[in-house]
Amino acid sequence: MPIFKYRGKNRIGSIVEGERRGLNSNEIITALEKEAIQVLSIERKKLKINIPFIGGRKSVSLKTIAVFNRQLSVMFNAGLPITQAIGILGKQQKDKYFQNVLLEVRKDVEGGANLSNAMKKHPKVFNELYTSMIQAGEASGNLDTILLRLSQYVENMNKLIGKVKSALAYPIAVLVIALILTGVILWKVVPVFTDMFGQLGAELPLPTQIVVGASNFLVGNFFFVVIILVVIIFAFRSYNATFKGRRVIDNIKLKIWVFGELLVKVAVARVTRTLATLLTSGVEIIESMTITAKTSGNSIIEDAVLKSRSLVQEGKPLWESWEETKRFPYMVTQMVAVGEQTGSLATMLGKVADFYDEEVDQSVSALVSLMEPIMILFLGGLVGGIIVAMYLPLFDIIGKVG
C-alpha cells in the first residue's frame, strides 16, 4: 500500500507529523480523526529508489525494540516518570540512531505531547501498531499493562522471525557457497585445462564444451556479468516495491513447495497474535484489523485481512469474513467462531497464535532436515559435474594412447 505523509493537530493543539500506509488519503484522514487528530495537510510519499546494499533508510532491529520495551515496562512499573525512563534508556543505547529518536521522544513529551503522538513522529522505529497500543494505554490509564503486553508481543514476533531466518539460513548459505565455488572454478581452474586441451589437440565432448564456453564468457565479460547481476537485483527490488509487483512475488512465494506452507503459518501466527494483542489492549476491531493487515508480512494475506475488515464493517462476524477470503485455514476460522460465540475472541486468537508458533517450529525443523540432503546433492552435483566435464577429454586421450 502507498505511504502518506501527514501533518495535523492533536487534542491539546500540538502539531504532530508522521507517515501512514493506506489505500488512499481519505482512509488515512478517517483513521487520524478517530485518534482526535485534525489533519492540516496530507500527501502521498514519493517512492525512493535505493541502490541495493548502498545507503538505504535507517531502521532499528526488532530485538533492540524488544529489549527497550522490556526495560521501559520495568522502569515504569517501578514508579519512574516516563520521560526519565526514556531519557535513561536513550542515553544507554549503542545504536546512535535509536538513541537520537528516544531523546527526541523524551523532548516532545516534556514539551506537553502525549507519548503516542511523540512516537508517531518516528514511524520507521515505532510502527502504527506500537503507537496505537500506547495511545490505548494512555486513554485507559493502563500504560504499564500495555507496555508489558507490547514487550511480550515484540518478543514473540522476534522469535517468530528468528525461526524463519533459521529456515532460510542453510539453503542461502549453500547457494552462496555454490556460486562462489563455481565462479572460482570457471575463472581460474577451467582456463588451465582449456590451454592443456588446446596443446594436446583433444576433441572436446559436449559437456566440456559447455563448461569451457561458460568459462570463456565469464573471463571475457567479468565486469559485464557483475553489472547484470546488480541490475537484476535492483530490478527485482524495484518491482517488489510496487503495489502490483509485491503481490505477484508474494503470491509466488505462497505457492512454493513446502516453503509456501511455512509462510502461510507464519502469516497466520502474526495476524492472530497482533489482532489478539490489539483487542486485549482496547483498540476497536476495525482499527485493529487495519493495523493487523500491515503486520502480516505478505501482501496477499494483507489484502485478505483488509477484505475481511470490509465484511466485518458490513455486519458479518470475523470468522465468516475470514472464511470468505479463502486464505485462512479451516481450523483458524472455526476457533475464531468459537471465540466470537463465547465472547472470548482475543483469548482464542492468542491460543491460535500459540498453536501456529509451535507449527512454525515443527515446519522449520522439517524444512531444514529436508533441505540439508537436497542442498548437499545440489552443491556436489554442480561442482562435481564441472570437474567430471573437464576430465572427460583426458579419459579419451588416455584411451587413445592405450
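Residues numbered from 1 in each chain as written. Predicted model: local features only at pLDDT ≥ 70, side-chain atom pairs only at ≥ 80, totals over all residues. Heavy atoms only, no water.

A. Spatial organisation of the sheet that holds strand S1 (residues 3–9). Here three strands make up an open sheet; going across it, the order is S2-S1-S3 and the pairing antiparallel. Only two strands of the sheet have a single neighbouring strand rather than two, namely strand S2 (15–21) and strand S3 (38–44). Averaged over all pairs of adjacent strands, the angle between strand axes in this sheet comes to 20°, irrespective of strand direction. In this sheet, S2 lies alongside S1 in antiparallel orientation, the contact comprising seven bridges. What sits directly across from Gly8, in S2, is Val16. On top of the sheet, helix H1 (residues 25–34) reaches S1, S2 and S3; it is set at about 150° to S3, its chief contact. (Pairing = 2+ DSSP bridges. Helix = DSSP H or I, 4+ residues; strand = E, 2+ residues; numbered from the N terminus. Axes fitted to C-alpha atoms, helices over the stretch in contact; angles between N-to-C directions. Contact = heavy atoms within 4.5 Å.)

B. Representation of the environment of Met331 within the structure. Take Met331: it is sitting in helix H15 (residues 330–342). The spatial distance from the C-alpha of Met331 to the C-alpha of Val352 is 8.9 Å, given a sequence separation of 21 residues. Sequence-distant contacts of Met331, that is, excluding residues within four places in its chain, are made with Phe355 and Tyr356.

C. Molecular detail of helix H11 (residues 259–280). Its 22 residues place the ends of H11 32 Å apart at the C-alpha level, agreeing with the 32 Å of an ideal helix rising 1.5 Å per residue. H11 sits mainly inside the fold: 17 of its 22 residues count as buried. Phi for Gly282, located one or two positions after H11, is positive at around 100°. (Expected span 1.5 Å × (residues − 1). Buried < 20%, exposed > 50% of the residue type's maximum accessible area, 1.4 Å probe, protein only.)

D. Representation of the packing of aromatic side chains. Following the criterion strictly, the structure yields 10 aromatic pairs and no others. Look at Phe98 and Phe126: their rings are 6.4 Å apart centre to centre, the planes differ by 50°, and that puts the pair in the tilted class. Remark: Phe126 occurs in the loop between helix H5 (115–120) and helix H6 (128–140) and Phe98 occurs in helix H4 (residues 96–110); sequence separation between them is 28 residues. By relative accessible area, which is 0% here, Phe98 ends up buried. Judged by its relative accessible area of 1%, Phe126 is buried. Aromatic side chains Phe222 and Phe223 sit 5.6 Å apart centroid to centroid with 80° between the ring planes, which places their arrangement in the edge-to-face category. On the accessibility criterion, Phe222 (30% relative accessible area) is partly exposed. What links up through ring pairs into an aromatic cluster is the set Phe68, Phe98, Phe126 and Tyr130. (Phe/Tyr/Trp six-rings, centres within 6.5 Å; stacked < 30°, edge-to-face > 60°.)

Spatial relationships are all this shows, so hold off on functional conclusions.
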